[in-house]
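Here are the chains, one letter per residue:
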Amino acid sequence: MTKEEILKTCFGYDTFRGGQEPVINALLSGRDAMAVMPTGAGKSICYQVPALMLPGITLVISPLVSLMRDQVTALVQMGIPAAFLNSTLTFRQYLLALDRAKAGRYKIIYVAPERLETEGFLSFAEQAEISLIAVDEAHCISQWGQDFRPSYLNIPAFVKRLKKRPPVGAFTATATPDVKADIETLLELERPVQVATGFDRENLFFAVRKPKNKREAVVELIRSRPDQCGIVYCATRRAVEEICGLLQEAGISAARYHAGLEPEERQRNQEEFLFDRVQVMVATNAFGMGIDKSNVRYVIHYNMPKDMESYYQEAGRAGRDGLPASCILLYSGQDVQTARFLIEHSEPREELDARTAEQLRERDFQRLRQMVRYCTTRRCLRQTILRYFGEQAPDHCGACWNCLHNFEEVDVSREARCILRCVMETGGHFGIGVIAETLCGADTDKVRKYHMDREDTYGLLRQHTQEEVRACIRFLLEEEALTLSAGQYPVVRPGERAEAFLKRTTPLVMYMEKEEIPAARRRSAVPEVLEGTAAERFARLRELRAGEARRQGVPAYVVFSDKTLRELAVVCPKTLEEFREVSGVGNGKARRYGTLFLQAMDAFRD
Ligand code: ADP
Ligand code: ZN
């Protein structure tokens, strides 16, 4: 079979996505490959298709235990013999799987990197015919990344012990040059074919919001998306607890996930979410690595992540099925303070000398500044992301908040000078509220208590509302002309760039939001919401899928993705042939589910 036929008959897809073909071709021709593709781009297909075409076994080295299980389950569903070898198996199960592997029962074997060094596995590998090695999450080999796994460094030694060196494919979503260079050298790739696909994810809608009250905003955002699955990322465990409680009080079905929970609870909550039994997962960034849930409809960041890499990876967990999904970041100036604090107080890693540690810290600050820029820019958000990853992009995508909203330019040069003066002259002892009250000439308890009405700057911005002045203060915080102290009662102080702001001669422009641009200008990349009978059918098919998933004890999306169900609801195939035409239905699944789903289709037509 050709690779196109495999794609169709086994996986049920009509065409390869960008980047998949060149990687597959390289591996099939015996060359090494290095693929940098964003989360959700479809890296697995790049090694699964060659695996089915090559004579021997494909080993997939992956650090993600939960992902392995899901991937193997998904492959078995398609009728592809696959297994995984990792620490979740009992020793007996492990030996059994190894015996079967020796007997040539599997085409694809997922293995944790630590296994490669064990005698039992080595003796199997040395004798087996291994046609391909795929290294998933290849950035784990680099010390520069967050996910460094020392055992990845042993992969080349393992490869050398094989009878014949098979082609090695390295896969990652991390695109920074340091990490890419590390992967190539440390994995000892031989003249790899390099493939990097566009980082754009067309179906994702991006927004950065600055709500006055984040707690209300997050509840509101989720309430307006009933029956949709989503993830809410928080910066700390405490925030996870708080927000999860808040959502539950609001009657939203939510579960929590962070490293402070017992492993059993983490596992249980994760499964509840994977199996669509809870709607929202509230989590720290500990959640998500290796979660291949395709129908996540939104990812909300309750706090700003520390850099764009983290943000795009986490946000990218939305809409992996290709249907529209939203990535919403709730930003506040306080997030910047917290992130700075964390960098300043981060423990340097032991193995690093002082100079390297300092360089790393400086780089972290640099990344943080880029992240803040994303949060505060009025330019197209998609363009901002893509440029960050070194790609060209048009000025206007039409599918992000900034493209859909009008902003008015306001010259705030005078306001900024007044605010800075007020902060400096009052010694940096007051919070945002008091400063705004003073400048607006308000007569409040605090103004009287601290004698602010005797200040020269009292009432200087009388013509503005306090909210306007507060907005301007927040803007100056973002621009680092002011900073907020840490602690329960943060006070405003001159920031690093205060002097520069006082000296500037060009007008200082702040953007204020105007009314929303009509929805008609939004581009529609993928089918719109289903209506009428199609919507009813879709609901009915979801029930059918849920029943089937329960029966087999697998997550629903392993049976069929939402995308497939939607298409089924619209197309309503009559025969097995037509059924197989639907995206996501291969021969394996057609055999497995054909009768059941075709019966349902018949019932629709009655
Ligand atoms: P990654 O590992 O790059 O994050 P996956 O391999 O998990 O992404 O693929 C993401 C989703 O895209 C999966 O649901 C997968 O089945 C789907 N997919 C991959 N390749 C194709 C294709 N050529 N056509 C349609 N869907 C695809
Ligand atoms: Zn845009």
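Residues numbered from 1 in each chain as written. Chains lettered and ligands numbered in written order. Predicted model: local features only at pLDDT ≥ 70, side-chain atom pairs only at ≥ 80, totals over all residues. Heavy atoms only, no water.

Q: Tell me about the coordination of the zinc ion (ligand 2), and please be specific about residues and values.
A: Only C380 (SG), C397 (SG), C400 (SG) and C403 (SG) from the protein coordinate the zinc ion (ligand 2), and they sit 2.3 to 2.4 Å from it. One can describe the site at the zinc ion (ligand 2) as tetrahedral: its 4 donor atoms subtend angles covering 101 to 118° at the metal. The sequence pattern describing where the donors of the zinc ion (ligand 2) fall on their chain is C-x16-C-x2-C-x2-C. Of this pair, C380 sits in the loop between helix 14 (354-376) and helix 15 (381-388) while C397 sits in the loop between helix 15 and helix 16 (401-404); the two residues are 17 residues apart in sequence, bridging distant segments of the chain. (Donors = N, O, S within 2.8 Å, 3.2 Å for Na, K, Ca; no water. Tetrahedral: all angles 85-135°; square planar, octahedral: opposite > 155°, others 65-115°. Helix = DSSP H or I, 4+ residues; strand = E, 2+ residues; numbered from the N terminus.)

Q: Lay out the pattern of salt bridges with the relevant residues and their values.
A: Summed over all chains, the structure comprises 32 salt bridges. Its salt-bridge partner being E241, residue R256 comes within 2.7 Å of it at the nearest N-O pair. On the criterion of sequence distance, the pair formed by R256 in strand 10 (residues 254-257) and E241 in helix 10 (residues 237-249) is long-range, its members being 15 residues apart. Judged by its relative accessible area of 24%, R256 falls in the partly exposed class. R448 is the salt-bridge partner of D443, the closest N and O atoms lying 2.6 Å from each other. (Salt bridge = Lys/Arg side-chain N within 4 Å of Asp/Glu carboxyl O. Buried < 20%, exposed > 50% of the residue type's maximum accessible area, 1.4 Å probe, protein only.)

Q: Explain unusual backbone geometry residue by residue, including any values.
A: In this structure, E188 takes a positive phi of about 55° despite not being glycine. For E188, a relative accessible area of 40% puts it in the partly exposed group. Phi is positive for D227, which is not a glycine, with a value near 65°. Following the sequence through the fold, D227 ends up in the loop between helix 9 (214-223) and strand 9 (229-233). Residue D227 is classed as exposed on the basis of its relative accessible area, which comes to 69%.

Q: Please set out the nonpolar core residue by residue, giving values where relevant.
A: Looking at soluble globular proteins, one finds that nonpolar side chains tend to be buried together. Of all hydrophobic cores here, the largest spans 74 residues; its most connected members are F206, F287, M304, L329, Y374, L541 and F597. Those residues within four positions of F287 in sequence are excluded, and the remaining contacts are I231, Y233, Y257, Q270, F273, M281 and R317. (Core = buried A, V, L, I, M, F, W, Y, C linked by side-chain atoms within 4.5 Å. Contact = heavy atoms within 4.5 Å.)

Q: Run through the domain arrangement of the protein, naming residues and quoting values.
A: Entries for the protein in the domain assignment read domain 1 (3-196), domain 2 (204-388), domain 3 (405-516) and domain 4 (532-602). For domain 2 and domain 3, the distance between their C-alpha centres works out to 29 Å. Contacts between domain 2 and domain 3 engage 11 residues on the former and 9 residues on the latter. The junction of domain 2 with domain 3 conceals about 990 Å² of combined surface from both sides, 50% of it contributed by carbon and sulfur atoms. Counting the surface domain 2 buries against domain 3, the share from its top three residues, Q337, R340 and R378, is 48%. Run the count over domain 2 and domain 3 and you get 1 salt bridge. (Domains from an automatic or database assignment. Buried area = accessible area lost by both parts, 1.4 Å probe.)

Q: Which residues make up the environment of M304, and what are the values?
A: As for its position among the elements, M304 is in the loop between strand 12 (296-301) and helix 12 (308-315). Looking at M304, the relative accessible area reads 6%, which means it is buried. Here the alpha-carbon distance between M304 and Y233, two residues 71 residues apart in the chain, equals 9.1 Å. Once residues within four sequence positions are removed from consideration, M304 is found in contact with L329, L330, Y331, D335, V336, A339, L368, M371, V372 and C375.

Q: Explain the sheet that holds strand 12 residue by residue, including any values.
A: Strand pairing in a sheet relies on backbone hydrogen bonds, with the paired strands running either antiparallel or parallel. Taken in spatial order, the 6 strands line up as 8-13-12-9-11-10 in an open sheet, and their pairing is parallel. Of all strands in the sheet, those with a lone pairing partner are strand 8 (204-209) and strand 10, marking the two edges. Strand-to-strand twist across the sheet, computed as the mean angle between neighbouring axes with direction ignored, equals 15°. With 4 bridges joining them, strand 12 and strand 13 (residues 325-330) adopt parallel strand pairing. Following the sheet pairing, Y298 is matched in strand 13 by S326. (Pairing = 2+ DSSP bridges. Axes fitted to C-alpha atoms, helices over the stretch in contact; angles between N-to-C directions.)

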